[in-house]
Amino acid sequence: MFFGQNREQLRQLFIDSWNKRLTSAPMEPIEEMVAAIIAEHPEYHPMLEQADAALAKDYFPEFGEINPFLHMAMHIALREQLSSNRPHGIAKVYRKLLGKYGDPHEVEHHMAECLGEIVWRAQRENKLPDESAYLECLQKL
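So, here's what we can say about the structure. Because the structure is predicted, anything quoted here is derived from the model rather than measured. (Residues numbered from 1 in each chain as written. Predicted model: local features only at pLDDT ≥ 70, side-chain atom pairs only at ≥ 80, totals over all residues. Heavy atoms only, no water.)

### Side note on the overall build of the protein chain
In terms of helices and strands, the protein chain carries 8 helices and 0 strands. Sequence-ordered secondary structure for the protein chain, helices as α and strands as β, is α-α-α-α-α-α-α-α. For 141 residues, the compact-globule estimate of 2.2 N^0.38 gives 14 Å, and the C-alpha radius of gyration of the protein chain, at 16 Å, lies within 12% of that figure. Taken over the C-alpha atoms alone, the protein chain extends approximately 40 × 30 × 25 Å along its principal axes. Contacts in the protein chain between residues at least 24 apart in sequence constitute 56% of all its contacts with a sequence separation of at least 6. Taken as a whole, the protein chain presents about 8,700 Å² of accessible surface, with 54% of it coming from carbon and sulfur. (Helix = DSSP H or I, 4+ residues; strand = E, 2+ residues; numbered from the N terminus. Rg over C-alpha atoms; globule rule 2.2 N^0.38 Å. Contact = heavy atoms within 4.5 Å. Areas by Shrake-Rupley, 256 points an atom, 1.4 Å probe, with all protein chains shown as cover.)

See the structure below:
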């Protein structure tokens, strides 16, 4: 369900995971990861607690709006990359950045800048993301 293309299903995963955490309900491993990321973003808690509005809201970057679901999904993507060391070498770069910045959450925010750029470029060029360019970007941080 999580990696599907349906925006509402993806958003529902965030809402359900947060609700389960708040009620101490049993969770699947992916829900635990999602809830942990949500816990690190208290600015999104009120939005997630308004499920109907959260499911329907559109976000417009051209107007300076940040999509909280995309933001948190980037954290998930980065954690998955780090756990599998894919692209190869990302875990080493992460450890180096952690030494520089000290805070894992801040490091993920810096890394997300590179990830977003690489994904945007791949979509624009209708190609797969360039892992070499991604690692290059990360190493410049």
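### Details of the state of the cysteines
A complete count under the given rule lists 1 disulfide for this structure. Each sulfur of the disulfide joining C114 and C137 lies 2.1 Å from the other. One disulfide, between C114 and C137, carries an S-S torsion of -80° and so falls in the left-handed class. Note that C114 is positioned in helix α7 (residues 104-125) and C137 in helix α8 (residues 131-140), a separation of 23 residues in sequence. (Disulfide = S-S within 2.5 Å.)

### Details of the nonpolar core
Among the nonpolar cores identified, the biggest contains 18 residues, and F14, I38, M47, L48, F69 and M72 are the most heavily contacted of them. Going through the elements one at a time, α1 (7-23), α2 (29-39), α3 (45-48), α4 (51-56) and α5 (68-84) are the ones with two or more residues in this core. The next biggest cluster of nonpolar side chains, apart from the first, holds 17 residues, and it includes Y94, M111, C114 and L138. (Core = buried A, V, L, I, M, F, W, Y, C linked by side-chain atoms within 4.5 Å. Buried < 20%, exposed > 50% of the residue type's maximum accessible area, 1.4 Å probe, protein only.)

### What to know about the packing of aromatic side chains
Evaluation of the coordinates by the stated rule reveals 2 aromatic pairs. With 5.7 Å between their ring centres and 75° between their planes, F14 and F69 make a pair best called edge-to-face. In this pair, F14 sits in helix α1 while F69 sits in helix α5, placing the two residues 55 residues apart along the sequence. Side by side, F14 and F69 carry an identical accessibility label, which is buried. Ring geometry for F60 against F63: centres 6.0 Å apart, planes inclined by 65°, an arrangement best described as edge-to-face. On the basis of relative accessible area, F60 is assigned to the partly exposed category, the value being 36%. By relative accessible area, F63 is classed as exposed at 66%. Above the ring of Y59, the side-chain terminus of K57 is found at 4.9 Å from the ring centroid. (Phe/Tyr/Trp six-rings, centres within 6.5 Å; stacked < 30°, edge-to-face > 60°. Lys NZ or Arg CZ within 6 Å of the ring centre and 35° of its normal.)

### Quick notes on unusual backbone geometry
In this model, R86 is joined to P87 through a cis peptide bond whose omega is 5°. As for its position among the elements, P87 is in the loop between α5 and α6 (90-101). Within the chain, S24 stands out as a residue other than glycine whose phi angle is a positive 60°. Mapped onto the fold, S24 is located in the loop between α1 and α2. Residue S24 is classed as exposed on the basis of its relative accessible area, which comes to 68%.

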